[in-house]
Amino acid sequence: QVQLVESGGGLVQAGGSLRLSCAASGGTFSSYAMGWFRQAPGKEREFVATIRWMLTSYADSVKGRFTISRDNGKSTVYLQMNSLKPEDTAVYYCAATPRNTRWYTTPRDYDSWGQGTQVTVSS
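Residues numbered from 1 in each chain as written. Predicted model: local features only at pLDDT ≥ 70, side-chain atom pairs only at ≥ 80, totals over all residues. Heavy atoms only, no water.

A.B. asks: Please provide a residue-by-residue account of the overall build of the chain, values included.
C.D. replies: Scanning the chain from N- to C-terminus turns up zero helices and 11 strands. Expected size for 123 residues packed as a compact globule is a radius of gyration near 14 Å; at 13 Å, the chain falls within 12% of this value. With respect to the three principal axes, the spread of C-alpha positions in the chain is 40 × 25 × 25 Å. Split into buried and exposed, the 123 residues of the chain put 46% on the buried side. Look at the contacts in the chain between residues 6 or more apart in sequence, and 59% of them connect residues 24 or more apart. Accessible surface, the chain as shown: approximately 6100 Å² in total, 49% of it carbon and sulfur. The chain carries 13 positive and 9 negative side-chain charges, and their two centres are separated by 3 Å. (Helix = DSSP H or I, 4+ residues; strand = E, 2+ residues; numbered from the N terminus. Rg over C-alpha atoms; globule rule 2.2 N^0.38 Å. Buried < 20%, exposed > 50% of the residue type's maximum accessible area, 1.4 Å probe, protein only. Contact = heavy atoms within 4.5 Å. Areas by Shrake-Rupley, 256 points an atom, 1.4 Å probe, with all protein chains shown as cover. Lys, Arg positive; Asp, Glu negative; His and termini not counted. Charge placed at Lys NZ, Arg CZ, Asp CG, Glu CD.)

A.B. asks: Could you give me a rundown of the sheet that holds strand S8 (residues 76-81), with the residues and numbers involved?
C.D. replies: Strands sit in the order S1-S3-S8-S7 across an open sheet of four strands; the sheet is antiparallel. Looking at strand neighbours, the two that pair on one side only are strand S1 (3-7) and strand S7 (66-71), the edges of this open sheet. Averaged over all adjacent pairs, the angle separating strand axes in this sheet is 15 degrees, with direction ignored. Strand direction decides the pairing type here: S1 and strand S3 (residues 18-25), joined by five bridges, are antiparallel. Bridging across to S3, serine 7 finds its partner in serine 21. (Pairing = 2+ DSSP bridges. Axes fitted to C-alpha atoms, helices over the stretch in contact; angles between N-to-C directions.)

A.B. asks: I'd love a proper account of the packing of aromatic side chains, names of residues and values included.
C.D. replies: Counting across every chain of the model gives five aromatic pairs. Geometrically, the ring pair formed by phenylalanine 37 and phenylalanine 47 is edge-to-face, given 5.9 Å between the ring centres and 70 degrees between the ring planes. With a gap of 10 residues between them, phenylalanine 37 in strand S4 (residues 33-39) and phenylalanine 47 in strand S5 (residues 46-52) connect regions that are remote in the sequence. A relative accessible area of 0% places phenylalanine 37 in the buried class. Judged by centre distance (5.4 Å) and plane angle (80 degrees), the ring pair of phenylalanine 37 and tyrosine 110 falls under edge-to-face. Of the two residues, phenylalanine 37 sits in strand S4 while tyrosine 110 sits in the loop between strand S9 (90-97) and strand S10 (112-113), which places them 73 residues apart along the sequence. For tyrosine 110, a relative accessible area of 6% puts it in the buried group. (Phe/Tyr/Trp six-rings, centres within 6.5 Å; stacked < 30°, edge-to-face > 60°.)

A.B. asks: Provide a residue-level description of the pairing of S5, including the pertinent values.
C.D. replies: Buried residues dominate S5, accounting for six of its seven residues. Sheet topology note: the S4/S5 ladder contains five bridges and is antiparallel. Residue pairing for S5: phenylalanine 37 is matched across the bridge by phenylalanine 47. Where S4 folds back on S5, the antiparallel hairpin that results is connected by six residues, among which glycine 42 adopts a positive phi of roughly 80 degrees. With four bridges joining them, S5 and strand S6 (residues 55-58) adopt antiparallel strand pairing. Among the inter-strand pairings, arginine 52 is bridged to a residue of S6, identified as leucine 55. Counting the residues between successive antiparallel strands, the hairpin from S5 to S6 contains two residues, one of them, tryptophan 53, with a positive phi of roughly 55 degrees.

Written out as structure tokens, the structure is:
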């Protein structure tokens, strides 16, 4: 399994931006499908965005505001979050799967997870 470490979370005002990073090690990063999920207190973990090769897919709630990208040379995936809203407040998790044949949008699709990074958006 690949090891994942997220960074970049923090406190931001509504309308602001943050960029999350997820550094991977121990696997062939370029062939992995990568995903971002989030979990707010008392709620289930939900899909945010995914990237396989250079193709991307987003949850409707973040489409047009968030951008997922990857740098295979740095074995890192990013989540650029713009126009943040209080309802975006959650712990954000990075995830990886060696499968790469379809969209992977549920937690059970992924084999490796990071420790999570807190994002708090104040109103």
